[in-house]
Amino acid sequence: MVTIAVLLKQVPDTTARITVSDGRVDETAISTWVTSPYDEYALEVAIQHKEASGASITAITLGPPRADKVLKDAAALGVENLVRVWDDAWESLDSNQVQAALSTILEGVEADWIYCGKQSADRNQGSTGPGVAERLGMACIVEISDWDVTGAQPSFTRATSSGNERLAPTPPIVLTFTKTETELRRPNVRGIMAAKKANIEVVSADIGDAQVQVVAHNPPAQKPEGRKFEGAESVPEVVGLLRDEAKVI
Amino acid sequence: MDITIIAETQDGGLHPVTAQLVGAASSLGASLTVICPGGAGGEEACGISGVGKVLAVTGDCFATFDGGAWAEALDAVAGGDLVIGAAPTSGRDICSRIAARRGVSIIQDVINLSPGLNITHPIYSGKANQDLTVTGNCVLTLRANTFPPAPSGGTAQLSTVQQSGDVRLAVAEAFARASERLDVTDADIIISGGRGMGHPDNFRHLYEVADVIGAAVGASRAAVDTWEEIPHSLQVGQTGKTVNPSLYIAVGISGAIQHLAGMRTSKYIVAINKDPEAPIFKVADYGIVCTWEEAIPVLKEELSKLT
Amino acid sequence: MTYEGVDFYDIESELTDEEKMVRDMARDWVEAEVVPNIEQACRDGVFPDEWRVALGEMGVLGMALDGYGCAGMSYVAYGLVCQELERGDSGVRSFASVQGSLAMYPIHDFGSEEQKQKYLPKMASGEWVGCFGLTEPDYGSNPGDMITKAVDEGDDYVLNGAKMWITNGTIADVAIVWAKLDGVIRGFIVEKDDPGFSAPEMTGKHSLRASVTSELVFQDCKIPKDRILPHVEGLKGPFSCLNNARYGICWGAVGAAQSCFHSAKEYALSRIQFGNPIAAFQLVQNKLAWMLREITKGQLLALSLGRKKDAGTWTPEQISLAKMNNVDMALEIARMARDIHGANGILDEYPIMRHMANLESVKTYEGTHDIHNLILGRHITGIQSFTREL
Ligand SMILES: Cc1cc2nc3c(=O)[nH]c(=O)nc-3n(C[C@H](O)[C@H](O)[C@H](O)COP(=O)(O)OP(=O)(O)OC[C@H]3O[C@@H](n4cnc5c(N)ncnc54)[C@H](O)[C@@H]3O)c2cc1C
Ligand SMILES: Cc1cc2nc3c(=O)[nH]c(=O)nc-3n(C[C@H](O)[C@H](O)[C@H](O)COP(=O)(O)OP(=O)(O)OC[C@H]3O[C@@H](n4cnc5c(N)ncnc54)[C@H](O)[C@@H]3O)c2cc1C
């Protein structure tokens, strides 16, 4: 039987205001926590894969008790097994520790297909998918934008600088997803009732010592006052500012 | 300290970001080795000032992109206490794996770097920055166009090493990307036109700019209501879409409150409008008082130069 | 800005995880499907069929009932769904109320086992639409004097008469019809193809335009004997249905009020007059503060009633008070929000005028505002004042 794992992370709602106080982002000021948007696409495809193959899915999250919500939400969509990795002694984990924790759990799950988002919406790093793949000795396709999981041989499409490539990989493999036009399924009342009964397994893991220390969080630099320029001859200067000052192009 | 830089390559040569990686690494006062995956751009890399050594790594695995295989090959030849790559997709993939192979941490999308290893990178999509220090070795990827490039004038030695990795991904099919138009709500850069565009055909100019920088095209309601060629799906504003891109360029849009309601949280706003009194200038970070007919061709040309 | 409901008293902390999940499910659906399409539906005067399908897929139709394809969720969860649906439009909530509380509920509580098995699963999934025929052209607040009647003709019952103002009538597959059999009010299940039955749509409404309202006409309408609801007689039948639907309305009205409040707040902050956002003026702040106050009270009332429903300790008078209060405050908030929006308030760009017009119906149906006053008056004084000798 095919086994699928999905890695889900709980993050502040992407429209939430982020405030910094005493050198740290004030997480207590965040009222809405959601499943990281890219992970939702991974979950959607994983469920499509499950429906076509009869696989079972294990959803795994690393986070404090409030992160149970992302697992319950996944359960409402039909995910069977729910695991939360956590230890109350953990604070801000570095990439190495996160990957160690997730890899330990994944080794136990023995998943053939590991689905996750291309990056989390809070740390924006994109290290977890390939990093976990490396630790588990698996291949990894990153930033998948299209897929066909209906047949015996699933295939996944990624963008390259010149076009698209479709790959038909052999499991075990890690797959990371970007946002696409796909409509995400909604839960229904029956699923939510099932989620209510679903059991979340809470486990710890040996993650070693932190190598990275957080010194401070800071609000982004204040934007300078708006400036007005005259005439088309100012366009090159504005483009330069967009590049060097605003850093948006 | 030894630093290994993984060159970013494109079309068989070096991507300009590589010189920026060198520029950033030079400030750490260490000996620099640049390794070129697949051997591309080796000669060019030797010409970057500050580079001590260039290794062109050639091997079968570099024929297609398999982050695992590339990381295996590169890690085998890369020494270095610190490995630095660029932050685009492939760089992030390879560097994550090299870090995992070494059991060290990776910090992606770094925007500030100083000796002692003080590192800054954005979190929450740029709504905050995080300052870090690292004990021991680590792997970093740096954001493009953030660090000044090292000048040319280097005279490093080029050596070629044969090294491959275990390839586990095969491309079943390569094909052209359908040129789908990005939806405004998905785009990181938006260029919107208003009634000041004069005629719906003139939106062509906006699309041309959009193509250069991978932007989506949006519109004001006046444009959508006046011209049926401009679909409602482009409308930004209170009764259209709410957008939150890094860059919003408003062209021939006056800046009515209902329009602002949909785009005022954009990180940076550029306005191009011929009327210096137009309210859009009140929210613009960079306002250009000018007709679009004059401004857009220059904008397109300047943006093309960047990429 | 993504829509966030008003939650001044941290109602959130009093909800279970499932209740929050169901609420969010409905909220997301309304945001994605109803809000962008409601104005067109109102202009066209239709209830979009996709919404029927979606409500069935979400499983909210009859969600507080047990078994037969129903989820058996709490009444609080059902109330939260009503709140979100009505935040979109009262017509959407009406569809769900009629289906769940007025058509499925009587089958569930008063029907035979065969009837439950035949109808409930298909109605829960939305495949079959139900309606509830009580009101007649000449008998509204006073349904006890209804004239529609059923006659026992051996193998069949034969119905004659007419019902009016029947939500979902024209699109219904199944009608729960209250008629007198030998002078006693009984419930009958009429199917859309039964001979002698028709359900022409009523047109020309200025209110609840995205909801189908119909007449039900019975001309020697013959139905098999097994279509009578065996387990209820008298006004208790329709009234127990109404109690359930009224409960849903008291939450729904909070949703409509929140929609108006949200729009008024955003508008007041962005509309500049006399050099200031109008939200900076005390008179406007007073209006916003009043809205917040009334919504908060209405929410607490609804939640408290919901917990009583779930515990089985509610009284009909408590439901009357909540329905009456919450619809009244919502209507007043809609009017106030319209005022804050100035001329813009009359446009269909904003939800205000639509909610206001809808709430006029909601004030009248399921027991008019004053009928609920009379129910409370009787409760307080022990004297009924519905009828009097002239
Ligand atoms: C309830 C309501 C909801 C609304 N919702 C929205 C909404 O969602 N989105 C929205 O956009 N609007 C909305 N509006 C409409 C809004 O009020 C404005 O009418 C609209 O935004 C104006 O569009 P515009 O800026 O393109 O046109 P105008 O206001 O006519 O401005 C055109 C601008 O183009 C400039 N111009 C002209 N020629 C040139 C040239 N050659 N080169 C450069 N500049 C030039 C002019 O100086 C002028 O500033 C709404 C209005 C209401 C009442
Ligand atoms: C959009 C819509 C959908 C509806 N859907 C349905 C449905 O699905 N099924 C159904 O059966 N019905 C439905 N109705 C009918 C609704 O229940 C009735 O309109 C309601 O019961 C009031 O009856 P009426 O309109 O005949 O008003 P009336 O009873 O004639 O009342 C008129 C006025 O007189 C007042 N009044 C009446 N009696 C007294 C009294 N004793 N003392 C003081 N004041 C009194 C009322 O409060 C009201 O102000 C719907 C109505 C509407 C508008």
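Look up a bit, the structure's there.
Read on for a plain summary of the structure. Just so you know, these numbers come straight off a predicted model, no measurement behind them. (Residues numbered from 1 in each chain as written. Chains lettered and ligands numbered in written order. Predicted model: local features only at pLDDT ≥ 70, side-chain atom pairs only at ≥ 80, totals over all residues. Heavy atoms only, no water.)

### Points about the overall build of chain A
Which entries qualify depends on this criterion: Numbering goes from the N terminus for both helices and strands, where a helix is a DSSP run of H or I of at least four residues and a strand is a run of E of at least two. Where accessible areas are quoted, they stem from the Shrake-Rupley method and a 1.4 Å probe; at the residue level, only the protein chains shown are allowed to cover. Asp and Glu are treated as the negative residues and Lys and Arg as the positive ones, with His and the ends of the chain left uncounted. Note that the charge is assigned to NZ on lysines, CZ on arginines, CG on aspartates and CD on glutamates.
On a plain count of helices and strands, chain A comes out with six helices and 15 strands. In terms of principal-axis extent, the alpha carbons of chain A reach across some 65 × 45 × 40 Å. On chain A, roughly 10,700 Å² of surface is accessible, and the fraction owed to carbon and sulfur atoms is 47%. The positive charge centre, built from 24 side chains, and the negative charge centre, built from 35, are 5 Å apart in chain A.

### Quick look at the pairing of strand β6 (residues 56–62) of chain A
Residue and element names in this part refer to chain A. The criterion, for reference: Burial classification: accessible surface area is computed with a 1.4 Å probe over protein chains only, and a residue below 20% of its type maximum counts as buried, one above 50% as exposed, and the rest as partly exposed. The criterion for strand pairing is that DSSP finds at least two bridges linking the strands in question. The handedness rule is simple: strands pointing away from the viewer, and a clockwise path from the first strand over the helix to the second, make the crossover right-handed.
Among the seven residues of β6, seven are classified as buried, and the element is accordingly described as predominantly covered. Burial along β6 is two-sided: the residues Ser56, Thr58, Ile60 and Leu62 and Ile57, Ala59 and Thr61 are all buried. In the sheet, strand β1 (residues 3–7) pairs with β6 via five bridges, with the strands oriented parallel. If you follow Val6 over to β6, its bridge partner there is Ala59. The pairing of β6 with strand β7 (residues 81–85) spans five bridges and is classified as parallel. Within the sheet, the bridge partner assigned to Ala59 lies in β7 and is Leu82. For the handedness criterion, the β-α-β arrangement of β6, helix α2 (residues 68–76) and β7 is classed as right-handed.

### Examining the packing of helix α6 (residues 235–244) of chain A against helix α9 (residues 292–306) of chain B
Filter applied, for reference: Only C-alpha atoms enter the line fits that serve as axes; for helices the fit covers just the stretch in contact. Angles between N-to-C directions range over 0 to 180 degrees. To sort the angles, those under 35 degrees are grouped as roughly parallel, those over 145 as roughly antiparallel, those from 65 to 115 as roughly perpendicular, and the leftovers as oblique. What makes a crossing left-handed is the near helix being turned counterclockwise from the far one by less than a right angle; a clockwise turn instead makes it right-handed. The contact rule is simple, with two residues in contact once any of their heavy atoms fall within 4.5 Å. Think of it as three bins: nonpolar holds Ala, Val, Leu, Ile, Met, Phe, Trp, Tyr, Cys and Pro, charged holds Asp, Glu, Lys and Arg, and polar takes everything else, Gly as well.
With their axes 9 Å apart at the nearest point, α6 of chain A and α9 of chain B run at an angle of 40 degrees to one another. Classified by the interaxial angle, the pair formed by α6 of chain A and α9 of chain B is oblique. Classified by chirality, the crossing of α9 of chain B by α6 of chain A is right-handed. From α6 of chain A, Val235, Pro236, Val239 and Arg243 of chain A reach across to α9 of chain B, where they touch Ala295, Val298, Leu299, Glu302, Leu303 and Leu306 of chain B. Broken down by class, the residue content of the contact of α6 of chain A with α9 of chain B amounts to eight nonpolar, no polar and two charged.

### Remarks on empty space enclosed by the protein
This is how it is decided: Here a cavity means grid points, on a 1 Å grid over the protein atoms only, where a 1.4 Å probe fits yet cannot get out; a pocket means an open set of points with protein on both sides within 12 Å along at least five of seven lines; lining residues are those with an atom within 4 Å of a point. Grid points are joined across faces, edges and corners, and a volume is the space filled by probe spheres set on the points.
Scanning the entire structure with this criterion turns up three cavities of 30 Å³ or more. Lining of the largest cavity is provided by Lys118, Gln119, Gly126, Pro130, Val142, Glu143 and Thr176 of chain A together with Thr89, Arg92 and Asp93 of chain B. Here the lining of the largest cavity takes three residues from helix α4 (residues 89–102) of chain B, the largest share from any one element. For the lining of the largest cavity, the residue count by class is two nonpolar, four polar and four charged. Volume-wise, the second largest cavity comes out at about 60 Å³.

### Some points on the site of ligand 2
Residues and elements named next belong to chain C. The test is simple: When at least one non-hydrogen atom of a residue lies within 4 Å of a molecule or strand, that residue is treated as near it. Contacts described as polar in this section are N or O atom pairs within 3.5 Å, which, within protein, must combine one atom able to donate a hydrogen with one able to accept it, while residues neighboring in sequence count only if both atoms come from side chains. What marks off one domain from the next here is an automatic or database domain assignment.
Residues in contact with ligand 2 amount to 18 residues; listed here are only the nearest, Thr135, Ser141, Trp165, Thr167 and Thr368. Separating an oxygen atom of ligand 2 from a backbone N or O atom of Leu134 is a distance of 3.0 Å. Within the side chain of Thr368, a nitrogen or oxygen atom sits 2.7 Å from an oxygen atom of ligand 2. Going through the elements one at a time, β5 (156–167), α10 (352–364) and α11 (369–381) are the ones with two or more residues in the shell around ligand 2. Taken domain by domain, the shell around ligand 2 gets at least three of its residues from each of domain 2 (130–227) and domain 3 (236–381).

### Let's talk about the interface of chain B and chain C
The line we're drawing: A 1.4 Å probe defines the accessible area here, and the buried area is the portion of it lost by two parts on being joined, summed over both. Salt bridge, as applied in this entry: a Lys or Arg side-chain nitrogen positioned within 4 Å of an Asp or Glu carboxyl oxygen.
Counting residues at the interface gives five residues for chain B and four residues for chain C. Interface area for chain B against chain C, summed over the two sides, is near 410 Å², with a carbon-plus-sulfur share of 37%. Counting every contact that joins chain B to chain C gives one salt bridge. The residue Arg221 of chain B makes a salt bridge to Glu349 of chain C at a minimum N-O spacing of 2.7 Å. Between the two partners, chain B and chain C, sit two residue pairs in polar contact (both at pLDDT 80 or more). Of the residues contributing to the side of chain B that touches chain C, the split by class is one nonpolar, three polar and one charged.

### Points about helix α3 (residues 67–77) of chain B
Within α3 of chain B, nine of the 11 residues are buried, leaving the element largely enclosed by the surrounding structure. On its buried face, α3 of chain B sits against α4 (128–136) of chain A together with β1 (2–6), β4 (31–37), β5 (53–58), α4 and β12 (157–162) of chain B. Two or three places before Gly68 of chain B, at the opening of α3 of chain B, Asp66 of chain B has a side-chain oxygen 3.0 Å from that residue's backbone nitrogen.

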